[in-house]
Structure formats: C-alpha cells, structure tokens
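# Architecture and fold: a report
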Amino acid sequence: MKPNTADHFRFREYLCESRCFFELGFVGRDEVSKLFWKEKGKERPLKKVVPPCSVMSSRSYGNLLDLAGGGGLLDLPHTPRTLPRIMTVPGIISHLDGYSYNDYESDVSSSGCRERKIIVANMLPLQAKRDMETGKWCFSFDEDSILLQLKDGFSSDTEVIYVGSLKVDVDASEQEEVSERLLDNFNCVPTFLPHELQKKFYPGFCKQQLWPLFHYMLPICPDHGDRFDRSLWQAYVSANKIFADKVMEIINPDDDFVWVHDYHLMVLPTFLRKRFNRVKLGFFLHSPFPSSEIYRTLPVRDEILRGLLNSDLVGFHTFDYARHFLSCCSRMLGLDYESKRGHIGLDYFGRTIFIKILPIGIHMGRLESVLNLPSTAAKLKEVQEEFKGKKVILGVDDMDIFKGISLKFLAVEQLLQQKPDLRGKVVLVQIVNPARGSGKDVQEAMKETYLIAQRINDTYGSNHYKPVILIDRPVPRFEKSAYYAVAECCIVNAVRDGMNLVPYKYIICRQGTPQMDLALGRKSDSPRTSMLVVSEFIGCSPSLSGAIRVNPWDVDAVADALNSALTMCDSEKHLRHEKHYRYVSSHDVAYWARSFMQDLERACKDHYTKRCWGIGLGLGFRVVSLSHGFRKLSIDHIVSAYKRTNKRAIFLDYDGTIVPESSLNKAPSAEVISVLNGLCNDSKNIVFIVSGRGRDSLSDWFTSCKNLGLAAEHGYFLRWSRDSEWETSHLSVDLDWKNMVEPVMQSYTEATDGSNIEIKESALVWHHLDADPDFGSCQAKELLDHLESVLANEPAVVKRGQHIVEVKPQGISKGLVAEKILSTMVNGGSPPDFVMCIGDDRSDEDMFESILRTVSCPSLPVAPEIFACTVGSKPSKAKYYLDDTTDVIKLLQGLATSSNPKPRHLAQFQVSFESTV
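Residues numbered from 1 in each chain as written. Predicted model: local features only at pLDDT ≥ 70, side-chain atom pairs only at ≥ 80, totals over all residues. Heavy atoms only, no water.

Per an unreviewed UniProt entry, the chain goes by alpha,alpha-trehalose-phosphate synthase (UDP-forming) and derives from Crotalaria pallida. Recorded in UniProt for the chain, the comment headed Catalytic activity (unreviewed entry) runs: "D-glucose 6-phosphate + UDP-alpha-D-glucose = alpha,alpha-trehalose 6-phosphate + UDP + H(+)". (UniProt positions renumbered as here; feature names shortened; annotations may be inferred.)

Moving on: the sheet that holds strand β12 (residues 391–398). Reading across the sheet, the six strands line up as β14-β13-β12-β15-β16-β17 and stay open at both edges, with parallel pairing between neighbours. A single partner strand is all that each edge strand has here, and the edge strands are β14 (468–471) and β17 (548–550). This sheet shows a mean twist of 20° between the axes of neighbouring strands, independent of strand direction. Strands in contact with helix α21 (residues 555–567) are β12, β13 (426–433), β15 (489–492), β16 (532–535) and β17; relative to β17, the strand with the most contacts, it is inclined by about 170°. (Pairing = 2+ DSSP bridges. Helix = DSSP H or I, 4+ residues; strand = E, 2+ residues; numbered from the N terminus. Axes fitted to C-alpha atoms, helices over the stretch in contact; angles between N-to-C directions. Contact = heavy atoms within 4.5 Å.)

This brings us to the environment of Ser755. Tracing the backbone shows Ser755 in the loop between α27 (738–751) and β26 (756–759). Owing to a relative accessible area of 11%, Ser755 belongs among the buried residues under this scheme. It is 6.4 Å that separates the C-alpha atoms of Ser755 and Asp770, two residues lying 15 residues apart in sequence. Residues within four places of Ser755 in sequence aside, it is in contact with Tyr748, Thr749, Trp766, His767 and His768. A polar atom in the side chain of Ser755 sits 3.5 Å from the backbone oxygen of Thr749. A distance of 2.7 Å separates the side chain of Ser755 from the backbone oxygen of Thr752, its partner in a polar contact. (Buried < 20%, exposed > 50% of the residue type's maximum accessible area, 1.4 Å probe, protein only. Polar contact = N/O pair within 3.5 Å; in protein donor to acceptor, adjacent residues only side chain to side chain.)

This part takes up the pairing of strand β9 (residues 337–340). Here β9 runs beside strand β10 (residues 343–348); their pairing, made up of four bridges, is antiparallel. From the neighbouring strand, Tyr337 faces β10, where its bridge partner is Leu346. The turn linking β9 back onto β10 is made up of two residues, and Arg341 within it adopts a positive phi angle of 55°.

A separate point is the nonpolar core. Generally speaking, soluble globular proteins have nonpolar side chains that are buried together. If you look at the biggest cluster of nonpolar residues, it comprises 106 residues, and the most contacted ones within it are Leu150, Trp259, Val429, Val533, Leu562 and Trp592. The element contributing the most residues to this core is helix α23 (residues 589–604), with eight residues. Grouped together as the second largest cluster of nonpolar side chains are 71 residues, Val120, Leu309, Phe325 and Leu407 included. (Core = buried A, V, L, I, M, F, W, Y, C linked by side-chain atoms within 4.5 Å.)

Quick look at the pattern of salt bridges now. Evaluated as defined, the whole model comprises 42 salt bridges. With a closest N to O distance of 3.1 Å, Glu382 and Lys379 form a salt bridge. Of this pair, Glu382 and Lys379 are both found in helix α15 (residues 374–386), three residues apart, which corresponds to roughly one turn of the helix. Take Glu382: its relative accessible area is 44%, and that puts it in the partly exposed class. According to the relative accessible area criterion, Lys379 is buried, its value standing at 14%. Note that Glu413 is salt-bridged to Arg455, the shortest N-O span being 2.9 Å. One end of the pair, Glu413, is in helix α16 (residues 405–418); the other, Arg455, is in helix α17 (residues 440–460), with 42 residues separating them in the sequence. A relative accessible area of 15% means that Glu413 is categorised as buried. Members of the salt-bridge network, linked through shared partners, are Lys379, Glu382, Arg473 and Glu479. (Salt bridge = Lys/Arg side-chain N within 4 Å of Asp/Glu carboxyl O.)

This brings us to the packing of aromatic side chains. Tallying each qualifying case throughout the model produces 30 aromatic pairs. Centre to centre, the rings of Trp211 and Phe402 are 4.9 Å apart; their planes meet at 70°, and the pair counts as edge-to-face. Separated by 191 residues along the polypeptide, Trp211 in helix α8 (residues 195–214) and Phe402 in the loop between β12 and α16 bring together distant segments of the chain. The exposure class assigned to Trp211 is buried, which follows from its relative accessible area of 18%. For Phe402, a relative accessible area of 6% puts it in the buried group. Ring geometry for Phe289 versus Tyr295: centroids 5.1 Å apart, planes at 35°, classification tilted. Site record: aromatic cluster; members linked through ring pairs are Phe201, Phe205, Phe228, Trp233, Tyr236 and Phe243. A cation over an aromatic ring shows up here: Arg496 above the ring of Tyr216, its NZ or CZ 3.8 Å from the ring centre. (Phe/Tyr/Trp six-rings, centres within 6.5 Å; stacked < 30°, edge-to-face > 60°. Lys NZ or Arg CZ within 6 Å of the ring centre and 35° of its normal.)

Shown next as structure tokens:
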C-alpha cells in the first residue's frame, strides 16, 4: 500500500478504532486487517502494513463493549461518516497497542518522517469535468491556482495536502470513489457540502454578507446589498465545521502545519484550536480587511475576530489591512498589540498571535513558460501590427462593481477631451474577465461599462479607429500575455481590491524572455520600459513605488496620470521598470509562501513550553497558555500553609483586586470590610492595603478596620493601623515638578475627549479609560514621551499603567513598601513565615519582585512560604493567579475563616443537628 492513499488512511482508521479491542483482548490486528480488506472487496495483500508515525482520527462506535460482546464483528453496520470523529493519542500505533514497531514488514517509509503542510481553502486547486464516453469524473491540477504554486516555497521533501471543495457537484453515490481518487492521485481531500448548505454558505453569507462588507459596502437600504441573515451565518459556521472535520481526519497535530486561506473560513481556526490546543495554525486573508467603523456593523463581529485569533499567525497583504484588524481587536475585544523584535504581536490569554504583512507574488516560471510559447509570439506580432503607430493602454479586470472599469473609461474620455492631439493615437484595450456572480449590481456595472465605451467610440472614433476596445470573452493566457507585452501603460483603477496581480504580470511580460526576444527578432540587451497607473486602494499599490498612484474616484487626476504615463521620457520609464522588475522577480509566490511558513514556525516554537487549556463555549472558545510554573491559586493549598504558619504578612492591591475596575462605586463593600477585619483581628497577621489612591479616600473607606495597615499613593504615605500617624516617605520631598506637569496634562485633557486628571498629594495621574481606545492610547504614548523630556532633570518618574499615565516622585513604588514592612518585621524579631501578595496592575509587579528578593535574604532564619498572585491569567512575575475579584474575596474569606474557627462545641452541635435533619 502506498503511503497516504485512501486505502492507507482507511487501514489506519481501522487500527485506531480497534485499539480498545486489542487492549481488552477481544480482537487481534490480523482480524482487523481481514475486516478492512473484506469491506474493500479485495484480496488481502501478503505484506503487512506499518502504520505511519501519526495516528489518524477514527470513526466512533456507539458502545464498544456492546460491539465486542454482541456476536460477529463483521455483521455490524459502520457508523455513518457524518458523526463526529475521535482522535486518539498521537504516537505510533504499535507502541500504543503493545506491539513492536519491527514486528511488521514495511513497504513504505513512515509519513511522520516527512514535513507536512495542510493547505485549507474554499476550493481545491483542481479542474474537473466528466468524460462523455465513460461518464466518470476526470481531474487535473489547475496550474494557475495560487494554492498549487505556493508549493514552490517549500522544500522538495515537504508533503502538501489540500483540503477544500470541488468546483462541480458530485453525486452522493460517487463521493467516496472520488475522494479516494483525489487522495491517491492529487493529495487532495474534498469537502462535499450539501447543496442547500453550499448555497447558503458561498453565494449566501460569503458573497452577500462578507465580501461586500470587506469592500466597504454597507446594506444601508435594500438596493445596496442584503441585510444580515442569521440562517446564512449558521450555514457559514456549519460549512467551516465540515472543513475543520476534514482537517482533523488527516492531521498529526504535533508535527503538521495548517495554513487556512481567505474569508470563507474565518471561524475554522476555532474548531481546530478547540480540538487540538497546540495546533500549528496560520491564516492568510486575501481580501481587504475593513476599518473598524465598517467592520463593527457586522452582528457576528466578535465571533469572527476570535476565530482569527485562534490562529498562531494572521497574514495580510498591506499594513492598512493589518492596522484595521488590530484596531478592531482593540476596540471590540480590548486587546493591545506591540512590536516584538520587528514582529507585531497580540497577547491573547497568554498566547501571542503574530501579524504577517506581505503581499502575494506571481509564479515567475509559469508566466515565463507562457511567454515562450509560439502562440504567444504569433499573437504578439498580430497585436503589434493591429496597433501599429498607436499607444496601447491596457486594463484587465473582473466584471464587478469594485473594479472601477466605468471610472477608468471616464478618465480616458476626459483625456481625449483635454488632449485632442492624442485622438487617433491612444487606444484603451479593456479585457473583461467573466463575472464571478450574476447579481443585479454586476448587471448594472456591465450595462454602464458598455454605454460609456459606446459613447467614447461614437464621439472620438472613426471607421478606422476605436479609442476603447472591449474584449468581453474568455481570453487564453497566451493572448493576455501578448497584450501585456504590447501595452505601453497598464491601468488598475479598482475602488477596492485585496491584492490584484495584474501589474506584476504586466511588468514580467514587458521584460520578456530570451526565447521571446529571439522569436520577435529583438535584441536581448535593449532597454525595457513599462508604466503603471494604479489605484491607491489595491493591495499591490504600496509595493509598486514607481507606479503613478491615483484616487480612482478623481476622474481628472486619473486622466492626468494617464497623460503623464504616455508622455514620460523613455529613460524614466526604464528606471521605473527596472525597479519594479527587481521587486516582482524576487518577491514571487514562492518567496511569499516561504516567508509566511518561516514566520508560522517562529510563532509556534513555544507551543510546548507552556501549559494550555481551553475556556469558553461555542465560537467564544479560546486557549489560555501559561508557563508551567504559573497556576491558579487553590484555596485549599493556601489555607493549609496559612494554618501551619505563625507570622504572616499579607499585601493587597485595591482597584481591580478587592474592588472591580468596572465598579462605579469605588468604596469597599460590607463583605470586603468584614473579611479584612477577620484577617486583621488575627494577631498572627499583618495586613496592608497597598494602593495608588490618596490617603484621604483610603482613610474614609477603611475607618472601621482598626488593625488594617494602609499604603497610599504607591507608598508615599504609610500607616500601620487606624490609630497610628501617617508616615511620609523621605526619599523625595521636592514636589515642585508638579507645577510643570499639570499644564502639560491639562493640554492633553482638552485635546482628548473622555480623559481627566487626578491630582494626588504626591502624584498626578492622567486617565483615558473613557476616551476613544485608539486615540486615548496614542495620546498616552505621546504624553509619556512629552513628560519624559520635560522631567529629564527632575526627581520624578513617568509610568504608564492600565489606561493611565502617572507621574510620581522618584524612588516611590509598591515594591519599596513591601520591603519596608518585611524588614521591619525581621528587625522586630518577628520574621514572617508566610507572605501573600495579590495585585492586578503593572505597579503590583514591583511588589511581586520585591517580596521574592526580600525573603531570599540570608538574615531570615527560615525561608517563608510565598504566595505572589496576580488577578487575571496573564504573563506576570507572580507564580499564581486568580481569575477575578470574586475569586480574591473567596480566597480571603477562606483565610479569615481559618483565623476564626468555630468553637468546638458549636461545631459538634452543628454536625449533630445536620445528622438528625
């Protein structure tokens, strides 16, 4: 059996299904093999097959014990393939079953030894047609498919498997046979969607909802697109689930890389990540990603964003598209991003999702092979003769409303009107690729295109001259290449487009090949020229720095650009062409694929250095990824340590720790006061609230807590109990810098709606929680830089926190508070044997670091038990975490209860009472 053939996969499934039977002794491997070949209707091969290094997913039997004890194994019907599949433990099957790997003679090399990439897209890179004589399906690779061409970016020993749909409908009775053939001959795994589901999925949600929205078209009224339809969304999710199930059938999650393509499959990463928490998964969006103002109108915006964030790497053609995505993540999910060694990363529950910005390229070899065809040279001579003495402008576009064909025609009309000397000398050849849809918008765009072309030809044409030649038919590659090679200028005037490779193809065709030069009798060293007029709204525009960029809506500007392109001197055209050719030839599709995969490998390299677990239901699922030493703080664990210790130090942050950040009433609840009093009344405890808030607020709020210590304004003020005096830090007594800082903050407050200034005795804080997320963050960065330059020679430091920028005295930090209290305990002869610190902000990290450093001091007789705990599962210097303030209060209640156990006779009475009840 050949590796990765349909039979091979099928046999692996049988082995996986029977693993339980091997272990229970109900059936042997030999019997499974007989069962397998009996179903296939074939004779069993003499050679035994060694399963590959990855265990494949299996079909699930309803009840294995019933199956084992209920008569003949062979008589039972198979579970339908539509049921969910079960993935067993990755590894070698013989190891799992207790068989030696060498027990079986192998006629194949293990597939696990080869690097494998799984490419997932809406459509497979295949062409299909029925043989009219036999009635069977015939398949061949689509050589123009980007999915097929990207293989050139991988090493020669990389195995590439494709998962996707066919462009034809295959009857259910033929699907199994077609699947086997495609897997055996093309390494393709087809996803057969039911007809109604396919109709709602692709023509429905993809083309009627996502595609217009991603191209900035909102359904403001019924004539401008279809309103959101929940049933279409459900079909989209169902289709994505079917694609994910197909990937699960073939993936070895420990080794394989999965690369998902385009907007059709944006929630597929959620299904894969839910099944395999550490799956190596990349996603590339080939369309534009709209600005947050447009995207936020989508009712399922969060589900799609979370789907993309379940990838390890998300790729875009341009920085604009990536910036819009990051802005949406910030505004709708509250996520911040940062550049890490040149790579943009989003922190998402401990996982870093990297952003890749790289436009796709063309397949040089494929295009050059077309240029070398005799038919291309013949057509080129024909076209040259047809347009002899004229300058050709070329446009090649799909017929849809976003390609701007009619705007292009209006610009040519304007050019001929303003420049009479160009009449009879300039021809626009517009090749219109067949429309991908047949909606009302397409029909209207087509009608408008023909009317304008007719008007231009009637006004400026003659019997021997047509300014606009519209080619509206399927044009073979060799003919398009000939037009590319003849055109002095190529114009791409789309109002919105994802990438558009037409300019790249034009540049390569204008460069030509040695064989083409020979056929045309052209010198190989003759200077080549080309001119591009491109819309600034297409993905390839940023990479073509020598092109004339235009706003397609500005008809006059486009007409001027065409005139400049036609009248520019040849030396300038040559320089621009050389610059473009160097870029296009070096940044081809292989470079794009190789670069993306390298970044994906880099993004996944830390997968097994952290612990992972999934949280959330449905499409809200995500994976929390934390270091192995970072775990949730168990109440039982800390209570046990609490009970066996005699001198304890407890440090608690305030906002976000014992009071929720979102709470409008910032005063502590009665429950919090009660818990704190329970802890403070234990003579073994020293409890401190360490906060950035002012001392007046803290004094008022905790007036009923007699033994509670307070550290206000990050420790600038310190009080050991309610009846003691406030101590002021002597590290920095000069606060004259506040007079410099306040006017600067005031100017930023006036310029940033929703921001405000908090004036403390020792510090000034600029808050931007209620400001626009993007603008507030941008202003905070600017304010930070501004204040650092203003205070360069002052005894103050500028810190940025969660939605704040704070200026405070130099040397003041929560860490110093912890050090002072612990040192006082040691010097007083009561060294702590239990230290707990809980906080949620960046300033609390100073406390975590400080207690770890202080308790390791050799002056301590015994190392205390340390519980540094952050609120929220996020990267931290703390060893433990709690989910939220509710968990914090529960933990403190547990400790307070341990400090004040019920009297023994009451406890016995309660047990006796409960038993009688």
